[in-house]
Amino acid sequence: MNFLRLPFLVKFTLIVISLIGVGYLLALGQTILAPFFFAFLMAMLFLPAATFMERKLRFPRSVSTMTSVFIMLAILSGLIYFFTTQLSDFSKDLPHLREQFTTVFNSLQHWVSRTFNVKVDEQVDYINQGLNKLLSSSGAILGFTFGIFSTGFGFIIFFTLFFIFILNYRRVLNNFIVTVFSERHKASVQEAVNEIRVMTKKYIFGLFLQVIIVSSLTSILLTVLGVKYAILLAVLTGLLNVIPYLGIFISLLISCFIAFSTSTPSTCIYVIIGYIGVHAVDGNIVLPFVVGSKVKINALFSFIGILLGEHLWGIAGMFLCIPAIAIIKIICEKVDDLKPWGRLLGEEQKPNKKKKTYKISKNITLKEMD
């Protein structure tokens, strides 16, 4: 079969037009595509449990699917209840936090004035006015929180339905992908689909473990430093850490604000140092040993993905863009013509680089994942 060879400029123009078209469709179908993709990620996470129930416990496909749904909804309900109660307690303490923040900030202002002879009264008045507007109304924050959950109600419904359908009809979807191609490519396509599914499943599970580990480390750090709402801030840090670079920075700012409002300015310095340590452990141990290096996205395309995700799908897009880029990278590396794009999305490959290993005990050794 003879394929039409196009000039580079024509191919590049077609790629740009295709990307613009895909971006427009993604923005147009946000209501459906965002919960669908999130349901796909959760289905990959629950796939081992569903397979175990079908093969070992002899559950029918429908029973294993519904059991997975109940477990998933129980976890989500627990998270929603946790954040609701924590935010409710936080809103009740807002007047006290405002007063304490003002007191500590005024003390810091007087110290700066005495030490550097800098007149900052006007700046302090301006900052205090802004803080009063931001923190004066606990009802506004509660209303904002309620608004998030109310607008997310439709998202949860669509997400749950998609989760059920993907788990229940996963074999049909797999057969469709394989049979779309010609018979002579069937074996290679099936092999590629299996490898992509396994690697995607490992990546999503590793990402889930990364959230738990980062949340645990941050919780220990903030509890030792005596920062109020340590568990809430730790869970928030673990979730925001899914957004590379930007997520840990946002959570650091929030933690420093709470530490500054409820403790001393020196505590903020310890929080910053502690967060740098957690980020170092995450980047050098958790990410390579738990998530794997093959799906690591370089900083440039992580940042571009975050901006595009926020522009297309808002906050949900910022969380979903990195797993989406990782899955695209996996697919590109399995297709010969797309391998250069996979290398472009990933980190620089060092062929002679040895995998890191840490010996925990005589029988336990941690080895860097692919």
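Residues numbered from 1 in each chain as written. Predicted model: local features only at pLDDT ≥ 70, side-chain atom pairs only at ≥ 80, totals over all residues. Heavy atoms only, no water.

> Break down the overall build of the protein chain for me, with residues and values.
Helices and strands together make up the secondary structure of the protein chain, namely 14 helices and two strands. Going through the 370 residues of the protein chain one by one, you find that 35% of them count as buried. When contacts within the protein chain are restricted to residue pairs at least 6 apart in sequence, those whose partners lie at least 24 apart make up 69%. Carbon together with sulfur atoms contributes 69% to the accessible area of the protein chain, which is approximately 23,000 Å² in total. (Helix = DSSP H or I, 4+ residues; strand = E, 2+ residues; numbered from the N terminus. Buried < 20%, exposed > 50% of the residue type's maximum accessible area, 1.4 Å probe, protein only. Contact = heavy atoms within 4.5 Å. Areas by Shrake-Rupley, 256 points an atom, 1.4 Å probe, with all protein chains shown as cover.)

> I'd like to hear about the packing of aromatic side chains, residue by residue, with values.
Counted by the stated rule, this structure contains six aromatic pairs. Arranged with centres 6.2 Å apart and planes meeting at 45°, the rings of Phe-159 and Phe-163 form a pair that is tilted. Of the two residues, Phe-159 and Phe-163 both sit in helix H6 (residues 138-168), four residues apart, roughly one turn of that helix. Take Phe-159 and Phe-163: they sit in the same class, and that class is buried. Three or more aromatic residues link up through ring pairs in this structure, and these residues are Phe-38, Phe-46, Phe-159 and Phe-163. (Phe/Tyr/Trp six-rings, centres within 6.5 Å; stacked < 30°, edge-to-face > 60°.)

> Give a detailed account of helix H7 (residues 170-180), specifying residues and quantitative values.
What H7 keeps buried is the set Arg-170, Asn-174 and Val-178. Projected onto a plane normal to the axis of H7, the buried residues spread over an arc of 65° and lie on a single side. Summarising the geometry of H7, the exposed residues directed more than 90 degrees from the buried face are Val-172, Phe-176, Thr-179 and Val-180. (Arc of directions from axis to C-beta.)

> Please provide a residue-by-residue account of the side chain of Ser-64, values included.
Mapped onto the fold, Ser-64 is located in helix H3 (residues 61-92). Judged by its relative accessible area of 0%, Ser-64 is buried. Polar contacts involving the side chain of Ser-64 include one to the main-chain carbonyl oxygen of Arg-61, which spans 2.9 Å. In this structure Ser-64 touches Ala-50, Met-53, Glu-54 and Phe-59, once residues within four positions along its chain are discounted. (Polar contact = N/O pair within 3.5 Å; in protein donor to acceptor, adjacent residues only side chain to side chain.)

> Requested: an account of the pattern of salt bridges, with residues and values cited.
In total, this model carries two salt bridges according to the counting rule given. Between Arg-170 and Glu-54 there is a salt bridge whose closest N-O contact spans 2.8 Å. Remark: Glu-54 occurs in helix H2 (residues 30-55) and Arg-170 occurs in helix H7; sequence separation between them is 116 residues. The two residues Arg-170 and Glu-54 agree in class, both being buried. Salt bridges sharing partners connect three or more residues here, namely Glu-54, Arg-61 and Arg-170. (Salt bridge = Lys/Arg side-chain N within 4 Å of Asp/Glu carboxyl O.)

> An account of unusual backbone geometry is requested, with residue identities and associated values reported.
Positive phi outside glycine occurs at Arg-58, with the angle close to 60°. With respect to the element layout, Arg-58 can be found in the loop between H2 and H3. The exposure class assigned to Arg-58 is exposed, which follows from its relative accessible area of 70%. The phi dihedral of Tyr-229 falls on the positive side, at around 60°, and the residue is not glycine. For Tyr-229, the location among the structural elements is in the loop between helix H8 (186-225) and helix H9 (230-240). Take Tyr-229: its relative accessible area is 11%, and that puts it in the buried class.

> Could you give me a rundown of the confidence of the model for the protein chain, with the residues and numbers involved?
Looking at the protein chain, pLDDT values average 77 and 77% of them are 70 or higher. Across the protein chain, element-level confidence peaks in H9 with a mean pLDDT of 88 and bottoms out in helix H5 (residues 121-135) with 54. Counting interchain partners and residues more than four positions distant, the pLDDT-below-50 stretch residues 134-150 has 14 contacts. (pLDDT = per-residue confidence, 0-100.)

> Outline the packing of helix H12 (residues 299-313) against helix H13 (residues 315-334), supporting the account with residue identities and numerical values.
Contact geometry for H12 and H13: axes closest at 7 Å, N-to-C directions at 135°. Judged by the angle between their axes, H12 and H13 are oblique. In this structure, H12 crosses over H13, and the sense of that crossing is right-handed. Of H13, the residues touching H12 (which contributes Phe-301, Ser-302, Gly-305, Ile-306, Gly-309, Glu-310 and Trp-313) are Ile-315, Ala-316, Gly-317, Met-318, Leu-320, Cys-321, Ile-322 and Ile-325. Class assignment of the residues belonging to the contact of H12 with H13 gives a composition of 10 nonpolar, four polar and one charged. (Axes fitted to C-alpha atoms, helices over the stretch in contact; angles between N-to-C directions. Parallel < 35°, antiparallel > 145°, perpendicular 65-115°, else oblique. Left-handed = near helix turned anticlockwise from the far one by under 90°. Nonpolar A, V, L, I, M, F, W, Y, C, P; charged D, E, K, R; others polar.)

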